[in-house]
Amino acid sequence: RGGGRGEHTKAEEQRRREQEDVGKESLMMELTRLVQKVMKESSWWEKRGVDCSILTAAFLSLVPAFLLLGSSQLLWFSLGMLLMGLAHAIITVKGTHLASHGALCESHTWAKFWAIFFIEICSSFSAQAGIHGHIKMHHAHTNIIGLGDSSVWKIPFLPRIIYLFMAPLSVPVITPLVALAHLKGNSLGMVVRTVLMIALGLYSQYWLLINVSGFRSMPGALLCMLVCRAMFSIPYIHVNIFQHIGLPMFSPTKRPKRIYQMTHGVLNLPRNPMLDWTFGHSLISCHVEHHLFPFLSDNMCLKVKPVVSKYLIEKKLPYQEDTYLSRLHLFFTKYQELMVFAPPITELVGVQ
């Protein structure tokens with residue numbers, strides 16, 4: 001009899017879990033239907049036009065930037081440097097991120113072209129490695145220990161001051177080196193293409209600085225390239241760690257359903273005119289929306305934000321938000337715990 005009761009209890013527990021799983025899936029399906037409704041009611045301009053226009057404006061701003069960098073007056077030269085740094089951040093962060101998700105167009109062929117253009121030519125990285133790391137690992141396994149847990153951004157041997165405020169300035173130098181390291185094991189054609197595309201992007205900027213801006217020395221042109229490319233690298237690193245590290249982390253064997261995984265493991269920063277338009281809404285104020293619906297453009301993430309936030313709050317699911325300075329203070333004061341030691345594993349008792 002005792003064995004019979006035990007089997008009956010196990011069967012009831014199994015049915016309860018299955019019912020919970022159905023409930024969790026229906027939550028995600030219900031939210032998806034709400035977002036799809038907004039999508040159907042949106043124009044091409046809202047879906048892709050706004051973000052394509054911002055990227056186009058960034059490319060067009062490079063013309064006055066190169067011309068201003070040829071000025072002998074400090075004010076105009078500094079303005080040219082600032083303009084080029086801003087354009088570079090928009091193109092390489094916002095543009096690369098949207099291109100990696102195929103959010104710039106509907107055509108798969110053009111999506112592949114834009115991914116190579118933005119990731120390899122503009123950002124000096126491998127398109128294949130970038131898409132694999134971001135789409136297939138980070139998004140598929142957000143905050144899953146050993147898979148998409150953002151540990152790639154951790155450098156435990158660096159002191160917090162160095163890591164948070166100095167090391168990011170080396171990103172322009174480290175990025176192409178990491179890209180080359182990722183080429184190991186790829187086909188010869190892939191290696192040749194990636195190396196040529198990265199070289200084309202770097203040399204194009206150098207050539208324009210020499211021939212349009214009038215730089216007279218290689219060291220001067222290379223220094224200008226470094227400053228422009230590193231201008232937004234500190235907030236770039238900050239954003240990448242602030243919105244995931246320090247939030248619940250899950251075991252690969254006990255991962256929650258998608259809607260629980262994303263709402264517990266992702267955080268939004270408040271609207272910030274500079275970062276929102278430079279890095280894109282999906283990386284700043286709509287990161288939760290982006291992780292739930294990664295195919296949406298920045299502008300569409302912003303448009304569905306009220307729908308998503310209202311739904312999650314109504315269903316008593318987390319909708320996590322915090323300020324940039326608050327997260328910076330947290331990481332500065334708890335650097336060892338967050339960036340050096342292994343993170344604790346969270347189990348969602350009661351729902352998992």
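Conventions adopted
- Residues numbered from 1 in each chain as written.
- Predicted model: local features only at pLDDT ≥ 70, side-chain atom pairs only at ≥ 80, totals over all residues.
- Heavy atoms only, no water.
- Core = buried A, V, L, I, M, F, W, Y, C linked by side-chain atoms within 4.5 Å.
- Buried < 20%, exposed > 50% of the residue type's maximum accessible area, 1.4 Å probe, protein only.
- Helix = DSSP H or I, 4+ residues; strand = E, 2+ residues; numbered from the N terminus.
- Contact = heavy atoms within 4.5 Å.
- UniProt positions renumbered as here; feature names shortened; annotations may be inferred.
- Axes fitted to C-alpha atoms, helices over the stretch in contact; angles between N-to-C directions.
- Parallel < 35°, antiparallel > 145°, perpendicular 65-115°, else oblique.
- Nonpolar A, V, L, I, M, F, W, Y, C, P; charged D, E, K, R; others polar.
- Phe/Tyr/Trp six-rings, centres within 6.5 Å; stacked < 30°, edge-to-face > 60°.

- As named in an unreviewed UniProt entry, the chain is Fatty acid desaturase 6, taken from Poecilia latipinna.

Overview of the nonpolar core
Part 1: Membership of the largest hydrophobic core comes to 24 residues, with the highest contact counts inside it found for Tyr163, Ile241, Phe279, Ile284, Phe331 and Met339.
Part 2: Taken together, the elements giving at least two residues each to this core come down to α4 (74-100), α7 (160-165), α11 (233-242), α13 (273-279), α16 (324-333) and α17 (335-340).
Part 3: With sequence-adjacent residues up to four places away left out, Tyr163 is seen in contact with Trp153, Lys154, Ile155, Leu158, Pro168, Ile237, Ile241, Tyr335 and Met339.
Part 4: Of all hydrophobic cores here, the second largest spans 23 residues; its members include Tyr260, Val266, Val308 and Tyr311.

Here's the deal with the UniProt feature "domain: Fatty acid desaturase" (unreviewed entry) in the chain
Part 1: Per the UniProt record, "domain: Fatty acid desaturase" (unreviewed entry) is annotated on residues 79-321.
Part 2: Secondary structure over residues 79-321 splits into 63% helix and 0% strand, and the C-alpha atoms at its two ends are 34 Å apart.

A word on the packing of α11 against α16
Part 1: Direction vectors running N to C along α11 and α16 enclose 80°, while the axes themselves pass 11 Å from each other. Our classification of the angle between α11 and α16 gives roughly perpendicular. Seen from α11, the contacting residues are Ile234, Pro235, His238, Val239, Ile241 and Phe242; seen from α16, they are Tyr324, Arg327, Leu328 and Phe331.
Part 2: When the residues that make up the contact of α11 with α16 are grouped by side-chain class, the tally is eight nonpolar, one polar and one charged.

Focus: α11
Part 1: Burial runs high along α11: eight of the 10 residues are buried.
Part 2: Those residues of α11 not exposed but buried are Ser233, Pro235, Ile237, His238, Val239, Asn240, Ile241 and Phe242.
Part 3: The secondary structure elements touched by the buried residues of α11 are α7, α8 (171-182), α10 (218-230), α13, α16 and α17.

Remarks on the packing of aromatic side chains
Part 1: One pass over the structure, following the stated rule, counts 17 aromatic pairs.
Part 2: Where Phe113 meets Trp114, the ring centres are 5.0 Å apart and the plane angle is 70°; that geometry is what we call edge-to-face.
Part 3: Of the residues examined, Trp114 reaches a relative accessible area of 29% and is grouped as partly exposed.
Part 4: Note on Trp153 and Tyr236: the rings are 5.9 Å apart at their centroids and 80° apart in plane angle, and the pair reads as edge-to-face.

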